[in-house]
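Chains, contacts and geometry: an overview
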Amino acid sequence: MSQCCKHTGTAALRCPLQNKGVAFTKEEREERGLSGLIPTAVSTDDQQVERMREILGRFEKPIDKALVLESLRATNERLYFQLLTRYTDEYMPIVYTPTVGETCQRFSHFFRYPRGLFLSLEHVGHVREVIERAPNQEVDVIVVTDGERILGLGDQGLNGMGIPVGKLALYTACAGIHPAKTLPVVLDVGTNREEYLNDPLYLGLRQQRCRGPEYDQLVDEFITEARRRWPGVLIQFEDFGNSNAFRLLSKYQDKVLCFNDDIQGTASVVVAGMYSAMRIKKEKIEDQRFLFFGAGEAACGIATLLADAIASEGVDPAEALKHCALFDSKGLVTAQRTDLAAHKKPFAHELADTKCFIEAIRQYKPTAIIGVAAQPKTFTKEVLEEMAKLNERPIIFALSNPTSRAECTAEEAYVATKGKALFASGSPFAPVEYEGKTFVPRQGNNSYVFPALGLGAVVSRSKWMPNEMFLVSAKKLAELVTEEDLAQGSLYPPLSDIRPVSVKVGAAVAAYAYDKGLAQNERPADLEKAVDEFMYRP
Ligand code: NAD
């Protein structure tokens, strides 16, 4: 189970990966010299899980539950993942969004257990030594952030470490990547958030964010040294600020096994939701027009993959781009604007300038609006009604996280469109009763795709991840949505099915790597079985 040797006595109880708590059997207690060090009776795994749930049940606030879970993980990782895999939909919002936002904001105040690597500017020129110090003998997946754009919460500096830790917990819970083979990394390059710089408990470098050659050297050394020690490791970029996110992705995308979840993983999940919406609307993806509220990593990643999806249906690629339009903090992104960053330019069309989103809707006539600007309550009643006026079944994706940043709630979307909206969100919303019908909105949660992408890439040892791989995972995920899901307005499978979903999506990703000659491992006879057997079961 653990990569280290079998411990005995208190050492076994203090090793989070080997500790089984009171679930050590009589034989194991004998063999490992544990008799008398733990209470007499042996608990089953089920009993340990229920005991833990009783403790968690005493806490009301999600952040308090998160603290309890973190302590559990630091002492008994097996039990932690038993809880997470059995009650994924209940604990995922604690371990990841929305609670992880608060976990990051309070990281320096609540810090107790170091996990992963804290690479700072002080390590430039010495990154190899730090990587050598990491206890992990093997690493399959690294999630790395520089903390500049954490969820919709902006610069969190070193506090952003909560994100790689949380995401990697989902790699294990959702797709069975062995916890000992995951490594969270934060690149501490300073922060521009004054409140942290003035906070005596802040644990990061006390300086403004570094940009330029020194930053690039830290990133480059990290990638080189990580791949030297763990060849074939998958590196996931997470929550970098806009300019670095696009730049680093294009620098490394076709050289090393890496991807950016905010850009590419998000795109895959959202495109899957659109394919599900097509099944309800009985229309084709190439018949749609997508207007994004926001023009950052999520918007441009999704728009690029949607254009790829439309082009894959035979539409001219230049024409396919016109099916997506962006609206940013300065208004509609149009051809005549001179202030556009490179990633927005493919979606700058011949449209009239406007700073009013409803105006943009009237002009562009979208079939879908996708909120990814982290600006709360921007899908107003008027916006939603306008979409319902233009479309029999308007597609409304309010994806901004955490919940406090959502463009609208599920209820607002269903009520304003008289139950016609095809809705998905970034944070979870409870089912909504409207005029005698129960709608079950589901999250366009990145966890449907990124852990499975990692799983497929690791099983096949893919050399890198072409964009088409993200379309493959989107199509596979959409196929797994049942007619019953669609009938209640759910555009995604239930999160409680995440493990079987990950097996199928992972197998599709691995199959793509084999078919395209990217895989470095030998192709197993039964790919789905091989993927399933690869998974860690706590
Ligand atoms: P980003 O910082 O790269 O982009 C934000 C964009 O919003 C920028 O283009 C900015 O110009 C625009 N914006 C800011 N204020 C605006 C305003 N008043 N009007 C119009 N546009 C405005 O961030 P991102 O990575 O694209 O993420 C955006 C949001 O989407 C976050 O809240 C994030 O949590 C969420 N998100 C959700 C999912 C998901 O649900 N699966 C996935 C990824 C991102």
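A brief report on the enclosed structure follows. (Residues numbered from 1 in each chain as written. Predicted model: local features only at pLDDT ≥ 70, side-chain atom pairs only at ≥ 80, totals over all residues. Heavy atoms only, no water.)

1. As for the overall build of the protein chain
Spelled out, the test is: Segments assigned H or I by DSSP are reported as helices when at least four residues long, segments assigned E as strands when at least two residues long, and all are numbered from the N terminus. Each radius of gyration is computed over the set of C-alpha atoms, and the globule rule expresses the reference value as 2.2 Å times the number of residues to the power 0.38. Exposed residues in this analysis have more than 50% of their type's maximum accessible area, buried residues have under 20%, and partly exposed residues fall in between, with area computed by a 1.4 Å probe over protein chains only. Any two residues whose heavy atoms approach within 4.5 Å are treated as being in contact.
Helices and strands together make up the secondary structure of the protein chain, namely 24 helices and 14 strands. Here the C-alpha radius of gyration of the protein chain, 23 Å, is about what a compact globule of 538 residues would show, namely 24 Å. For the protein chain, the spread of C-alpha atoms along the principal axes amounts to about 75 × 60 × 55 Å. Counting all 538 residues of the protein chain, 59% fall into the buried class. Counting only contacts in the protein chain whose residues sit at least 6 apart along the sequence, the fraction spanning at least 24 positions is 71%.

2. Quick look at empty space enclosed by the protein
Where we set the bar: A 1.4 Å probe that fits into a set of points on a 1 Å grid over the protein atoms alone but cannot get out defines a cavity; an open set with protein on both sides within 12 Å along at least five of seven lines defines a pocket, and lining residues are those with an atom within 4 Å of a point. Grid points are joined across faces, edges and corners, and a volume is the space filled by probe spheres set on the points. Residue classes follow a fixed rule: Ala, Val, Leu, Ile, Met, Phe, Trp, Tyr, Cys and Pro count as nonpolar, while Asp, Glu, Lys and Arg count as charged, and any other residue, Gly among them, counts as polar.
Counted under the stated rule, the structure contains one cavity of 30 Å³ or more. Taken together, 25 residues line the largest cavity, and the ones lying closest to its centre are A66, E70, T103, G162 and V165. Put simply, the parts of the chain that give the lining of the largest cavity at least two residues each are α4 (62–75), α6 (88–95), α7 (99–105), α8 (107–110) and α10 (162–175). Counting residues per element, the lining of the largest cavity draws most heavily on α4, at seven residues. Residue composition of the lining of the largest cavity, by class: 17 nonpolar, three polar and five charged.

3. Description of the pairing of strand β2 (residues 141–145)
How we decide: Two strands pair if DSSP finds at least two bridges between them. Whether a crossover is right-handed depends on one test, that the path from the first strand over the helix to the second runs clockwise when the strands point away from the viewer.
Within β2, five of the five residues are buried, which leaves the element mostly enclosed by the surrounding structure. Residues V141, V143 and T145 line one face of β2 and the alternating positions I142 and V144 line the opposite face, and both faces are buried. Inspection of the sheet shows β2 paired to strand β3 (residues 182–188) by five bridges, in the parallel sense. Bridging across to β3, V143 finds its partner in P184. Between the parallel elements β2 and β3, the chain passes through α10 in a crossover that is right-handed. Pairing geometry for β2 and strand β4 (residues 234–237), over four bridges, is parallel. The residue of β4 that forms the bridge with I142 is I235.

4. Things to note about the sheet that holds strand β11 (residues 422–425)
Basically, it comes down to this: Here, axes are lines fitted to C-alpha atoms. For helices the fit covers the stretch in contact, and angles between N-to-C directions go from 0 to 180 degrees.
Read from one edge to the other, the open sheet built from seven strands follows the order β8-β7-β6-β9-β10-β11-β14, with strand pairing classed as mixed. Edge positions in the sheet fall to β8 (331–332) and β14 (442–443), since each of these pairs with one other strand and no more. As paired elements, strand β6 (residues 290–293) and strand β9 (residues 368–371) share four bridges and run parallel to each other. Residue pairing in the sheet places L291 in a bridge with I369 of β9. Strand contacts of helix α15 (residues 297–311): β6, β7 (324–328) and β9, with the helix running at about 170 degrees to β6, the strand carrying the most contacts.

5. Looking at helix α13 (residues 242–252)
All buried positions along α13 are accounted for by N244, A245, F246, L248, L249 and Y252. Next to the buried residues of α13 lie α12 (213–229), β4, β5 (258–260), α14 (261–281) and α15.

6. Concerning the pattern of salt bridges
The line we're drawing: When a carboxyl oxygen of Asp or Glu lies within 4 Å of a side-chain nitrogen of Lys or Arg, that pair is called a salt bridge.
Across all of its chains, the model carries 45 salt bridges by this definition. Across the pair R442 and D485 runs a salt bridge whose closest N-O atoms are separated by 3.1 Å. Of this pair, R442 sits in strand β14 while D485 sits in helix α22 (residues 483–487); the two residues are 43 residues apart in sequence, bridging distant segments of the chain. Both residues of the pair, R442 and D485, count as buried. In this structure, a network of salt bridges that share partners links the residues D328, K330, R337, D339 and K344.

7. With respect to the nonpolar core
The test is simple: For our purposes a nonpolar core is just a set of buried Ala, Val, Leu, Ile, Met, Phe, Trp, Tyr and Cys residues, chained together by side-chain atoms within 4.5 Å.
The biggest cluster of nonpolar side chains holds 125 residues, and the ones touching the most others in it are I142, F222, M274, F290, F292, I302 and F397. Broken down by element, this core gets its largest block of residues, 11 residues, from α14. With residues near it in sequence (within four places) discarded, F292 still touches A299, I302, A303, L306, C324, A325, L326, F327, F357, I370 and V372.

8. Focus: the environment of T40
On the secondary structure map, T40 appears in the loop between α2 (26–31) and α3 (45–57). Along the backbone, T40 and K26 are 14 residues apart, and their C-alpha atoms lie at a distance of 9.3 Å. For T40, the residues in contact, after removing those within four places along its chain, are K26 and R29.

9. Description of the site of the ligand
Condition: Any residue with a heavy atom positioned within 4 Å of a molecule or strand is treated as near that molecule or strand. Here a polar contact is recorded for every N or O atom pair within 3.5 Å, except that within protein the pair must consist of a potential hydrogen donor and a potential acceptor, and residues adjacent in sequence are included only if both atoms are side-chain atoms.
Contacts to the ligand come from 24 residues, most closely from R149, N242, A298, G444 and N446. A295 has a polar backbone atom sitting 3.0 Å from an oxygen atom of the ligand. Here an oxygen atom of the ligand sits 2.8 Å away from a polar atom, N or O, in the main chain of A298. Counting residues per element, the ones that place at least two in the shell around the ligand are α15 and β7. Among the residues forming the shell around the ligand, the class breakdown is nine nonpolar, 12 polar and three charged.

The values are spatial; any link to function lies outside them.
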